[in-house]
Amino acid sequence: MIPFRNIKPRYFTRSLLNGIEKSNHLIRVLNLCSYSNIPSYSDSGNEIDKDISQEKLSGFAKAFEKQSQILENPEEEKSYTFASLLRNSKLMDLGDPVGKTVIGKIFHVVEDDLYIDFGWKFHCVCTRPNLRGEEYVRGTRVRIQINDLELSSRFLGSSTDLTLLEADCKLLGIISTPTKPAVSVN
Amino acid sequence: MILSNTGCRYTKYGFSLLRYTSTSPQVIPENVIDVQQNQKNPLDYPDYFGVHNLFTVKDLFDARVHYGHKIGSLNDNMRSYIYGSRLGHLIFDLDTTAEHLRKALNFTAHIAYRGGIICFFNRNSLNAHIVEKTAMECGEYAHTRFWRGGIFTNANQQFGAITRLPDLCIFLNTQNNILNQHTAVRDSAKMLIPTIGIVDSNCNPNLVSYPVPGNDDSPTAIELYCKLFKSAIIRGKEERRKFLQETE
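Cut-off values and rules
- Residues numbered from 1 in each chain as written.
- Chains lettered and ligands numbered in written order.
- Predicted model: local features only at pLDDT ≥ 70, side-chain atom pairs only at ≥ 80, totals over all residues.
- Heavy atoms only, no water.
- Salt bridge = Lys/Arg side-chain N within 4 Å of Asp/Glu carboxyl O.
- Helix = DSSP H or I, 4+ residues; strand = E, 2+ residues; numbered from the N terminus.
- Buried < 20%, exposed > 50% of the residue type's maximum accessible area, 1.4 Å probe, protein only.
- Phe/Tyr/Trp six-rings, centres within 6.5 Å; stacked < 30°, edge-to-face > 60°.
- Contact = heavy atoms within 4.5 Å.
- Buried area = accessible area lost by both parts, 1.4 Å probe.
- Polar contact = N/O pair within 3.5 Å; in protein donor to acceptor, adjacent residues only side chain to side chain.
- Patch = residues over 30% accessible without salt bridge, like charges linked within 9 Å, V, L, I, M, F, W, Y side chains within 5 Å.
- Areas by Shrake-Rupley, 256 points an atom, 1.4 Å probe, with all protein chains shown as cover.

S.K.: Please clarify how the pattern of salt bridges should be interpreted in this entry.
M.R.: Pairing is possible between side chains of opposite charge, provided their charged atoms come close. One pass over the full model with this rule turns up 19 salt bridges over all chains. A salt bridge links D117 of chain A to R64 of chain B; its shortest N-O distance comes to 3.1 Å. Of this pair, D117 of chain A sits in strand β2 (residues 113-117) while R64 of chain B is found in the loop between α3 (57-62) and β3 (67-70), placing the two residues in two different chains. Put simply, D167 of chain B and R164 of chain B hold a salt bridge, and the shortest N to O gap is 2.7 Å. Judged by its relative accessible area of 52%, R164 of chain B is exposed.

Structure, rendered in structure tokens:
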């Protein structure tokens, strides 16, 4: 019944209602006509028995019981593979990171330098802008545009790259600040 | 019987009695033997402390353990731990990481069970405080500052007294700075101290006894490792406390 889980209960009820009513109707018709040479008659004998027991719980009642059982059953813990986790991760959604806009959160402030963490291995450091400068505090969510995910390059004469352990991003604007909390509806 | 116990040498002209050396086995009283046979030996089990249940691959994924550096700074010895590269950025294979991490945690728990001294190392100033706090919380030691040359190799002179060295060194970052490996990795190998090390894609895992390939730069990853090692150590110590209480 897994494919039906995503569908809202009332649609499920409606379709099942229609299906059961139709099947009940069909079998009653067959019974009345008593076509013994129809191969489905012997099957429908079983179905009639089933329907007799199910008739007590058919239509809405049956659907309601089924739905309540579905809600009561604990969700099976899906076992994730690393490959599937990676494939559905935000890193893959990003595509080519250069030029993409992401949301970050400031986790440290040193005077005019803002250390922003956006879910990558490294953080980025941006200077505090002049516009609304006092709103950039620890916990502020900001919009940043990625220039480079890791500032590393090969220098002449060395065998490996030299990393700065930082990402390089441009600060675009604020999304939310703790200094100005959102207006609550009373 | 007596002659063989005293370690005498049979020479050409009879025998000469050497200094008395006791070679007979020490007799253990029978009640202790029974207790030891009834008790379980943790070394008989593959995962006595249940450290395999401390984490899942999804936990590692959410803590950003699979992020590596760029291809340009890849150490050749780390190639087997890499899943692949995404537009130049390396991704660790978390299944391999999980396997290595389980072995490392199991080893940590056993060392803690045997009453060993464990020392945490991290030279990355961003995460140094987390590591020190973890060491304090589980009753072990941490060294996240400048490492003087002879701390392991010349300990008795450096500290002025007979020193007991750690029985396990856990490196949450095997690098000193970007260019050099931490001296304690090499020194632990010299002093026969087993090491566990979180090795990133730019690190050399050769001298580490239990390398754990993974991210060592993000604070979330370091916090996860600290939490896991702390749980493993606490479990080992708890078992030790129970064992000592039973034998009293």
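S.K.: When you look at the packing of aromatic side chains in this model, what are you seeing that I'm missing?
M.R.: Centre distance and the angle of the planes are the two values used to describe a pair of aromatic rings. Residue and element names in this part refer to chain B. For the coordinates displayed, the defined rule picks out 14 aromatic pairs over all chains. For the pair Y113 and F243, a centre-to-centre distance of 6.2 Å together with 55 degrees between the ring planes defines the contact as tilted. Highlighted residues: Y113 in helix α4 (residues 94-113) and F243 in helix α8 (residues 219-247), separated in sequence by 130 residues. When its relative accessible area of 10% is taken as the criterion, Y113 is described as buried.

S.K.: Would you mind going over the interface of chain B and chain A with me for this structure?
M.R.: By a widely used convention, the size of an interface equals the accessible area lost when the partners come together. Listed as interface residues are 28 residues of chain B and, on the opposing side, 28 residues of chain A. Buried surface at the junction of chain B and chain A, both sides included, amounts to about 2400 Å², of which 66% is carbon and sulfur. Where chain B touches chain A, the interface holds 4 salt bridges. Here chain B and chain A share 13 residue pairs in polar contact (both at pLDDT 80 or more) between them. Going through the elements one at a time, α3, β3, β4 (82-86), β5 (89-92) and α4 of chain B are the ones with two or more residues in the side of chain B that touches chain A.

S.K.: Where do I start with a nonpolar patch on the surface in this structure?
M.R.: Together, F155 and L162 of chain A together with L179 of chain B make up a nonpolar patch on the protein surface, roughly 310 Å² of accessible area in all. Positionally, L162 of chain A belongs in strand β6 (residues 162-163). On the basis of relative accessibility, which here comes to 35%, the residue L162 of chain A falls in the partly exposed class.

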